[in-house]
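Okay, here's what each chain looks like letter by letter:
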Amino acid sequence: MSRPAHVVTLGETMGLIEMETSAPVTTGIGQSLRFGGAETNVAIGLSRLGVRCTWLSRLGDDALGEYVERQLISEGVVVRAARDHQAPTGLMLKEMHGGRPVRVRYYRSSSAASRLSVADVAEAGNRAAIEAADVLHVSGITAALGPGPAAALVRAIELARASGTTVSFDVNHRASLWSDEQAAPALARLVAAADLVFAGQEEAALVLGTVAGEASFERAEELADRLRSLGPATVVIKLGALGALAVTRDAVHRAPTAPVDPIDPVGAGDAFVAGYLAEFVSGREEAERLATANRTGAEVCLVHGDWEGLPTRATLARPLTPPRASAAAGRRAEVVR
């Protein structure tokens with residue numbers, strides 16, 4: 001009997017205060033406590049789709065850290081996060097207007113996760129998890145948190161590559177954390193070190209030092225080809241309402257999707273990655289990977305919260321019928337070369 005697939009993620013997760021009404025933050029009216037982080041959004045998405053997932057990080061030795069850990073465990077994610085006695089769990093604030101998010105503010109300076117280091121990755125249990133995993137999934141956000149987290153990220157990738165673990169990298173550029181000029185060369189190095197890369201069209205252009213152009217499958221293909229020349233075997237370009245495109249060693253796959261009327265698009269990119277990786281570790285063909293990824297991304301947009309709308313396999317078995325859903329929802333990826 002083969003062992004179940006295992007994905008390890010590494011990165012920061014923060015508490016999230018969400019304004020449930022359009023009232024200004026200063027009124028203190030209608031707040032709810034949630035949490036979110038790119039890598040744990042992916043981890044929860046994978047867990048709900050039946051994939052064993054472990055999250056590595058640091059949390060503050062505080063109530064927010066306890067909350068994050070408890071919630072992740074309840075979602076079936078294995079948590080390996082050191083509790084930091086000297087730094088707090090990070091926090092973000094999501095402001096709403098007309099029932100939809102309009103701004104997210106981050107309070108992550110000097111957070112526990114900003115103190116991630118090579119020592120955290122080298123801890124025996126964490127190292128063993130990375131080396132035994134089928135996939136290590138990381139993002140550019142961690143590299144932007146500071147020298148320590150950036151070094152931890154590089155070391156995790158080194159361990160994964162040395163042990164045959166597939167390295168999955170989502171560019172996930174955050175302009176609020178570092179400038180384009182700082183980010184581009186660092187992100188390019190991480191792209192080159194990965195086996196599988198996810199990027200938006202603008203992120204791909206940033207890494208390559210070129211102009212993104214209007215979102216299209218044609219432009220995405222050009223950018224993906226150039227990213228592949230840096231080293232990864234597969235590059236996936238997320239095109240939002242258009243769908244997605246994947247370039248592999250021997251083919252280009254275009255996967256249009258059904259446009260939806262989003263309630264809260266935050267976390268859709270992470271949901272896309274979770275759907276793709278769930279099919280990747282299950283040995284599915286590229287068409288199925290992209291179809292599931294498009295669907296999981298759409299599902300998250302229809303629910304408030306960064307990850308709350310992540311689907312289960314039972315959800316995916318039902319048709320997607322939100323406003324604006326179209327025949328594109330049922331299309332499989334088209335192989336164009």
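In this text the structure is predicted, and so the values were computed from the model without any measurement.

About the criteria used
Residues numbered from 1 in each chain as written. Predicted model: local features only at pLDDT ≥ 70, side-chain atom pairs only at ≥ 80, totals over all residues. Heavy atoms only, no water. Helix = DSSP H or I, 4+ residues; strand = E, 2+ residues; numbered from the N terminus. Buried < 20%, exposed > 50% of the residue type's maximum accessible area, 1.4 Å probe, protein only. Contact = heavy atoms within 4.5 Å. 1 Å grid on protein atoms, 1.4 Å probe; cavity = no way out; pocket = protein on both sides within 12 Å on 5 of 7 lines; lining within 4 Å. Points joined across faces, edges and corners; volume = space filled by probe spheres on them. Nonpolar A, V, L, I, M, F, W, Y, C, P; charged D, E, K, R; others polar. Phe/Tyr/Trp six-rings, centres within 6.5 Å; stacked < 30°, edge-to-face > 60°. Axes fitted to C-alpha atoms, helices over the stretch in contact; angles between N-to-C directions. Parallel < 35°, antiparallel > 145°, perpendicular 65-115°, else oblique. Left-handed = near helix turned anticlockwise from the far one by under 90°. Core = buried A, V, L, I, M, F, W, Y, C linked by side-chain atoms within 4.5 Å. Expected span 1.5 Å × (residues − 1). Polar contact = N/O pair within 3.5 Å; in protein donor to acceptor, adjacent residues only side chain to side chain.

**Side note on the overall build of the protein chain**
Secondary structure summary: the protein chain contains 12 helices and 14 strands in total. Taking all 337 residues of the protein chain together, the buried fraction comes to 56%. Sequence separation of 24 or more characterises 69% of the internal contacts of the protein chain that already satisfy a separation of 6 or more.

**Considerations on the environment of Ala255**
Tracing the backbone shows Ala255 in strand β13 (residues 252-256). Residue classification places Ala255 among the buried residues on the basis of a relative accessible area of 3%. Note: C-alpha distance between Ala255 and Glu286 (31 residues apart in sequence) is 9.7 Å.

**Observations concerning empty space enclosed by the protein**
All chains considered together, the criterion is met by 1 cavity of 30 Å³ or more. Approximately 40 Å³ is the volume found for the largest cavity. For the lining of the largest cavity, the residue count by class is 4 nonpolar, 2 polar and 1 charged.

**Regarding the packing of aromatic side chains**
By convention here, two paired aromatic rings are described through the distance between centres and the angle between planes. Scanning all chains against the criterion turns up 4 aromatic pairs. The interplanar angle of 85° and the centroid separation of 6.4 Å between the aromatic rings of Phe198 and Phe272 together place this pair among those described as edge-to-face. With a gap of 74 residues between them, Phe198 in strand β10 (residues 196-200) and Phe272 in helix α10 (residues 268-281) connect regions that are remote in the sequence. This pair shows no difference in class: Phe198 is buried, exactly as Phe272 is.

**Some thoughts on the packing of helix α8 (residues 201-208) against helix α9 (residues 217-228)**
Two elements in contact, α8 and α9, have axes separated by 10 Å at closest approach and are oriented at 40°. Regarding the angle of α8 to α9, the classification is oblique. Crossing handedness for the pair α8 and α9: left-handed. Contacts from Gln201, Ala204, Ala205, Val207 and Leu208 of α8 reach α9 at Arg219, Ala220, Leu223, Arg226 and Leu227.

**Considering the environment of Ile44**
Within the secondary structure layout, Ile44 lies in helix α1 (residues 38-48). Judged by relative accessible area, Ile44 falls into the buried class, the value being 0%. Taking the C-alpha atoms as reference, Ile44 lies 9.1 Å from Glu308; in sequence the two are 264 residues apart. Sequence-distant contacts of Ile44, defined by excluding residues within four places in its chain, comprise Phe35, Leu72, Glu75, Val77, Trp307 and Leu310.

**Examining the nonpolar core**
Counting residues in each nonpolar core, the largest one holds 49 residues, and the members touching the most others are Ile130 and Ile237. Once residues lying within four places of it in the same chain are set aside, the contact partners of Ile130 are Val8, Leu56, Val121, Leu136, Ala156, Leu159, Ala160, Ser163 and Thr165. Core analysis: the next-biggest nonpolar cluster, separate from the first, contains 37 residues, Leu49, Trp55, Val236 and Leu277 among them.

**Remarks on helix α7 (residues 180-193)**
In a regular helix each residue adds 1.5 Å, so 14 residues correspond to 20 Å; α7 covers 20 Å between its end C-alpha atoms and thus fits that length. Buried residues of α7: Ala183, Ala184, Ala186, Leu187, Ala188, Leu190 and Val191, and no others. Looking at the buried side of α7, the elements it contacts are α5 (140-143), α6 (147-163), β9 (166-170), β10, α8 and α9.

**Focus on the side chain of Thr248**
Along the chain, Thr248 falls in the loop between β12 (243-247) and β13. Polar contacts involving the side chain of Thr248 include one to the side chain of Asp250, which spans 3.2 Å.

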